[in-house]
Amino acid sequence: MNNKQGKLIVFEGINGCGKGTQFDLLHSYIRTSGKAVPIFTTGEPNIFDENGQKAREMLKSDGDPYENALDAVKYFAKNRNSHNNVFVPLLKKGVDVISDRYWHSNFAFQHAQGISYNNITNANEFSRVPDLTFIIDVPVDVAFERLHNRDGESRRKFDSSKDFLNNVRDNYLELNSILPQLIRDKSIVIINGNQSVEKVFEEIKNIYKLSSI
């Protein structure tokens, strides 16, 4: 019987930071490292309940990024509870879980919408604390250029304003000093995403290897 718990590993950052690429690279690295490590890959918001569906619809909209802040906190946090019901039993069986976004997005985006950190904490207090969180940090201008190259002029709700995304980025950068006290989350490592994909992944890989010792 495997008594070793799996790790919850999270990738975070503003859209266009490159987290999806690094998510895939770490998953591939773990799978090909020669270790028989079971892995569950996932993300948020997801389709595990109707709150996730509502959150996904909100993200796809092109409205004012400052609107519907309380709804955003509610949808994301309730969807996270359903998400926990799926992956926490896997962690207990020794399965590593890699998630594209977690509660850090709630703290960064909804605080930028005007919701207090304490209110966001209250909505998330029953969810599992991550073991390792990579926040991929890039300047907003760099993220916007990448989004333009990927999506053209199309912009979703939270990608429509540079001022809003600068606030989100600032929030991300202070989470590693705020979340340990608020919600016992000491998992955050901030990675400079404004360098080559290979250099970013080398940093992530080395940190992951140290965390697995």
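Residues numbered from 1 in each chain as written. Predicted model: local features only at pLDDT ≥ 70, side-chain atom pairs only at ≥ 80, totals over all residues. Heavy atoms only, no water.

## Digging into helix 1 (residues 19-31)
The condition that has to hold: Each helix is a run of H or I in the DSSP string that is no shorter than four residues. Each strand is a run of E no shorter than two, and both are numbered from the N terminus. Helix span, expected: 1.5 Å multiplied by one less than the number of residues in the helix. Whether two residues are in contact is decided by their heavy atoms: any pair within 4.5 Å suffices.
Relative to the 18 Å expected for 13 residues at 1.5 Å per residue, helix 1 spans 18 Å between its end C-alpha atoms, a close match to the ideal helical length. Lining the buried residues of helix 1 we find strand 1 (8-12), strand 2 (39-43), strand 3 (96-100), strand 4 (132-137) and helix 8 (197-211).

## Here's the deal with helix 3 (residues 69-92)
Note the following rule: One fitted axis covers the seven residues ending at a residue, a second covers the seven starting there, and the bend at that residue is the angle between these axes.
The terminal C-alpha atoms of helix 3 lie 34 Å apart, and with 24 residues this matches the ideal 34 Å at 1.5 Å per residue to within 8%. Along its length, helix 3 reaches its greatest deviation from straightness, about 35 degrees, at Asn85, and the proline Pro89 lies no more than four positions downstream. Two residues or fewer past helix 3, Gly94 is found with a positive phi of approximately 95 degrees.

## Focus on the sheet that holds strand 2
What counts here: The rule for pairing is simple: two strands pair if DSSP sees at least two bridges between them. In this analysis an axis means a line fitted to C-alpha atoms, helices contributing only their contacting stretch, and an angle means the value between N-to-C directions, from 0 to 180 degrees.
Pairing is parallel across the open sheet formed by five strands, whose spatial order is 2-3-1-4-5. What marks the edges here is a single partner per strand, and that holds for strand 2 and strand 5 (188-192). Looking at each pair of strands side by side, their axes are set apart by 20 degrees on average, direction ignored. As defined by bridge partners, strand 2 adjoins strand 3 across five bridges and the pair is classed as parallel. Looking at the pairing, Thr42 lines up with Ser99 of strand 3. Packing against the sheet, helix 3 makes contact with strand 1, strand 2 and strand 3, and its axis sits at approximately 165 degrees to strand 2.

## Quick look at the nonpolar core
Defined as follows: Residues belong to a common nonpolar core when they are buried Ala, Val, Leu, Ile, Met, Phe, Trp, Tyr or Cys residues joined through side-chain atoms within 4.5 Å. Exposed residues in this analysis have more than 50% of their type's maximum accessible area, buried residues have under 20%, and partly exposed residues fall in between, with area computed by a 1.4 Å probe over protein chains only.
Grouped together as the largest cluster of nonpolar side chains are 50 residues, with contacts concentrated most on Ile14, Leu26, Phe134, Val168 and Ile204. Counting residues per element, this core draws most heavily on helix 7 (residues 162-183), at eight residues. Beyond its immediate stretch of four places on either side in the chain, Phe134 contacts Ile9, Val10, Phe11, Glu12, Leu26, Val189, Ile191, Ile204, Ile207 and Tyr208. Core analysis: the second largest hydrophobic core is formed by five residues, Ala55, Met58, Ala72 and Tyr75 among them.

## Things to note about the side chain of Ser82
In this structure, Ser82 sits in helix 3. With near-sequence residues (within four places) excluded, Ser82 lies in contact with Phe48 and Asp49.

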